[in-house]
Amino acid sequence: MFQKILIANRGEIAVRIIRACREMGIKTVAVYSEADADALHTQLADEAVCIGPAASSESYLNPERILSATIASKAEAIHPGFGFLSENPKFVEMCEKCHVAFIGPSADIIQKMGNKSEARATMIKAGVPVVPGTKKPVFDVDTALKEAKKIGFPVMIKASSGGGGKGMRVAENAESFGEMFRLAQRESVNAFGDDTMYLEKYVGRPRHVEVQILADKFGNVVQLGERDCSIQRRHQKMIEESPCIAIDARLRKKMGDTAVRAAKAVGYENAGTIEFLLDHTGDFYFMEMNTRIQVEHPVTEFVSGVDLIKEQIRIAAGEPLSVKQKDIVIRGHAIECRINAEDPEHNFRPCPGTVQELHIPGGNGVRIDTALYSGYKIPPQYDSMLMKVIVHDKDRESALAKMRSVLGEVIIDGVQTNIDFQFKILNHPEFRAGNVTTHFIPEHFDME
Ligand code: MV4
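Given the structure is predicted, the values throughout are model-derived calculations rather than measurements.

Cut-offs used in this document
Residues numbered from 1 in each chain as written. Predicted model: local features only at pLDDT ≥ 70, side-chain atom pairs only at ≥ 80, totals over all residues. Heavy atoms only, no water. Helix = DSSP H or I, 4+ residues; strand = E, 2+ residues; numbered from the N terminus. Rg over C-alpha atoms; globule rule 2.2 N^0.38 Å. Buried < 20%, exposed > 50% of the residue type's maximum accessible area, 1.4 Å probe, protein only. Contact = heavy atoms within 4.5 Å. Areas by Shrake-Rupley, 256 points an atom, 1.4 Å probe, with all protein chains shown as cover. Lys, Arg positive; Asp, Glu negative; His and termini not counted. Charge placed at Lys NZ, Arg CZ, Asp CG, Glu CD. Phe/Tyr/Trp six-rings, centres within 6.5 Å; stacked < 30°, edge-to-face > 60°. Lys NZ or Arg CZ within 6 Å of the ring centre and 35° of its normal. Near = heavy atom within 4 Å. Polar contact = N/O pair within 3.5 Å; in protein donor to acceptor, adjacent residues only side chain to side chain. Nonpolar A, V, L, I, M, F, W, Y, C, P; charged D, E, K, R; others polar. Domains from an automatic or database assignment. Pairing = 2+ DSSP bridges. Axes fitted to C-alpha atoms, helices over the stretch in contact; angles between N-to-C directions. 1 Å grid on protein atoms, 1.4 Å probe; cavity = no way out; pocket = protein on both sides within 12 Å on 5 of 7 lines; lining within 4 Å. Points joined across faces, edges and corners; volume = space filled by probe spheres on them. Expected span 1.5 Å × (residues − 1).

K.L.:
Any chance you could explain the overall build of the protein here in plain terms?
P.N.:
Check the secondary structure of the protein and you find 15 helices and 20 strands. Here the protein has a C-alpha radius of gyration of 21 Å; the compact-globule value for 448 residues is 22 Å, and the two agree. Referenced to the eigenvectors of the C-alpha coordinate spread, the extents of the protein come out at roughly 60 × 50 × 45 Å. Burial analysis of the protein (448 residues in total) assigns 56% to the buried set. In the protein, the share of contacts with a sequence separation of at least 24, taken over all contacts with a separation of at least 6, comes to 65%. Of the roughly 18600 Å² of accessible surface on the protein, a fraction of 49% belongs to carbon and sulfur atoms. Treating the 55 positive side-chain charges of the protein as one cloud and the 61 negative ones as another, the clouds have centres 4 Å apart.

K.L.:
What is the right way to look at the packing of aromatic side chains in this model?
P.N.:
Given two aromatic rings, one states the distance between the centres and the angle between the planes to describe the pair. Inspection of the entire model under this criterion finds eleven aromatic pairs. Ring geometry for Y60 and Y382: centres 5.7 Å apart, planes at 80°, overall edge-to-face. Taken together, the residues span a long stretch of sequence, with Y60 in the loop between β3 (47-52) and α3 (63-72) and Y382 in the loop between β18 (366-370) and β19 (385-393) at a distance of 322 residues. For Y60, a relative accessible area of 0% gives the class buried. An aromatic cluster is built from F348, F421, F431, F440 and F445, whose rings are joined through pairwise contacts. Positioned above the aromatic ring of F431, the side-chain terminus of R396 is 4.8 Å from the ring centre.

K.L.:
Hey, could you run me through the site of the ligand in this one?
P.N.:
Near the ligand there are 15 residues, and of these K158, E200, K201, V203 and E275 occur at the shortest range. For the ligand, a nitrogen atom lies 3.2 Å from a polar atom in the side chain of E288. When the free accessible area of the ligand is taken as 530 Å², the share hidden by the protein chains comes to 90%. For the shell around the ligand, the per-class residue count stands at six nonpolar, four polar and five charged. Both of domain 2 (132-201) and domain 3 (207-444) provide at least three residues apiece to the shell around the ligand.

K.L.:
Quick question: what am I supposed to make of the environment of G52 here?
P.N.:
Within the element layout of this structure, G52 appears in strand β3. Here G52 falls in the buried class, since its relative accessible area comes to 10%. Ignoring any residue separated from it by four or fewer positions in sequence, one finds G52 in contact with Y32, S33, E34, E58, S59 and R65.

K.L.:
How should I be thinking about the sheet that holds strand β6 (residues 155-163) in this particular structure?
P.N.:
Pairing within the open sheet is antiparallel, and its three strands lie in the order β7-β6-β8. Each edge of the sheet is formed by a strand with only one pairing partner; in this case those strands are β7 (166-171) and β8 (197-201). For this sheet, the mean inter-axis angle between neighbouring strands, taken without regard to orientation, is 25°. Note: β6 against β8, five bridges, orientation antiparallel. Looking at the pairing, A159 lines up with M197 of β8. The strands touched by helix α7 (residues 141-151) are β6 and β8; relative to β8, the strand with the most contacts, the crossing angle is about 15°.

K.L.:
Any chance you could explain empty space enclosed by the protein here in plain terms?
P.N.:
Think of a ball as big as a water molecule: rolled over the atoms, this probe shows where empty space is left. If you walk through the whole model with that rule in mind, you get two cavities of 30 Å³ or more. Size it by volume and the largest cavity reaches roughly 40 Å³. As for the largest cavity, its lining consists of H79, P80, G81, S86, F102, I103, G104, P105, T291, R292, I293 and Q312. Split by residue class, the lining of the largest cavity holds five nonpolar, six polar and one charged. Residue contributions to the lining of the largest cavity reach at least three from each of two domains, namely domain 1 (4-103) and domain 3 (207-444). Lining of the second largest cavity is provided by D228, C229, S230, I231, I239, E241, F431 and V436. Of all the secondary structure elements, the ones that give two or more residues to the lining of the second largest cavity are β10 (221-233) and β11 (236-242).

K.L.:
Before we go on, may I ask you to explain helix α12 (residues 396-409) in this structure?
P.N.:
Given 3.6 residues to a turn, an α-helix orients residues that are three or four positions apart in the same direction. Between its first and last C-alpha atoms α12 spans 20 Å; for 14 residues at 1.5 Å apiece the expected length is 20 Å, and the two agree. Listing the buried residues of α12 in full gives R396, S398, A399, L400, K402, M403, R404, V406 and L407. Each element contacted by the buried residues of α12 is listed here: β11, β14 (333-340), β18, β19, α13 (419-427) and α14 (429-432).

K.L.:
Could you clarify how one ought to interpret unusual backbone geometry in this entry?
P.N.:
A negative phi holds for most residues other than glycine; trans holds for most peptide bonds. Going from F153 to P154, the amide bond is cis rather than trans, its omega being -5°. Within the secondary structure layout, P154 lies in the loop between α7 and β6. A cis amide bond, omega -5°, links S242 with the succeeding residue P243. You can see P243 is positioned in the loop between β11 and α9 (249-265). Phi is positive for F84, close to 40°, though the residue is something other than glycine.

K.L.:
Even after reading the chapter, I still don't get the pairing of β6, so can you show me in this structure?
P.N.:
One face of the sheet, then the other: side chains in a regular strand alternate in exactly this way. The element β6 is largely enclosed, with a buried count of seven among its nine residues. Bridge count for β6 against β7 is five bridges, and the pairing is antiparallel. Paired with M156 across the strands is V170, a residue of β7. Here β6 folds back onto β7 in antiparallel fashion, the turn holding two residues, of which G164 has a positive phi close to 65°.

Written out as structure tokens, the structure reads:
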């Protein structure tokens, strides 16, 4: 096992990883920017190294500075968390060259899954269901339009380098296709420097359902059930839950087995997530594979009882999975609400500030992941997520009642948050009934 791990991240996920390491008897090294000298992760780690100015590009996104800190502190491994360098294949290669273990999959797999049209082709080969669409990438409007007519409208135009909704457009008909294709392609060139596009049949009002998997170096792959992450705003998830109530035992087994097959097809290693669209008929389609630990991992930890961060560390250290598929039992229902420093009344604009008074609730089946403390000054340079409130109870109704109770207790004075908006979702009759799709927020809250 590793003696010392460097955490190449900040905020609640850095704190989450530090705690897992401490429980495993592993020393921790935090890295921090000049804006994060007083941050909780900087204070909680055994050692902390300043890696540069506040701007992410000069600190948390700088591979050389992070590797220098790793080597100087004699850490043997890097946990990247999510965002920042977590899905950067060049960084993973640099780690390999420096003989530092990257706690995640190989550069090769990250690269392969980062290219969405290649990922799609790989999954087709592996017999994983994908939305009808192009098998090869498309680069020009004329070829694309021919393909779109074969698929049938409406079609979804997607950037191969995209993901999370960037470089994506729906074309309702052949007349608007050219304009939509050019818009999506221009966005992709500007954001990723890549004009590679692909097409899919548009799936109307689907659910976003993703399956958590774990894979070790010995070819063992397990799935830990699914998360319904349909409640999103502009591709930012707001509420996640497990299990998905639209899925019965038979479909759950089928999706889980499919996720395992997808992971095995690419020789996956470490924690990963297979993202599916689930339509109203119960058909599901591979969308993307996320090659990192995700923000919403705690809902899976609650229902499965598996510590995903500890498993990631064990896997990277060359240990076999501590759980077998037959031992993984999904119990009860877990829900996560993301609390952001933002103003829902003003187009969800970020609202950093100083935390004057803080009350963090607790109780049976309650988990709060946050890096806030009373008096903390939230730097404006980073993500606006302040806290994840996660609850676990015997069923969805009980979990929802618990979430309302816990959210009502949270006090974060001094900063604007989206807590009131979270209540509006939780109290919405359609949400309570479990009628959620990726269009829930735009359909029920007409704000843009
Ligand atoms: C789709 C889709 C419908 N049909 N593809 C969004 C980001 C990436 N993960 C895939 N995404 C989607 N792909 C087809 N063929 C719907 C989504 C989608 C979505 C679309 C609009 C608004 C919110 C969304 C949330 C999740 C997924």
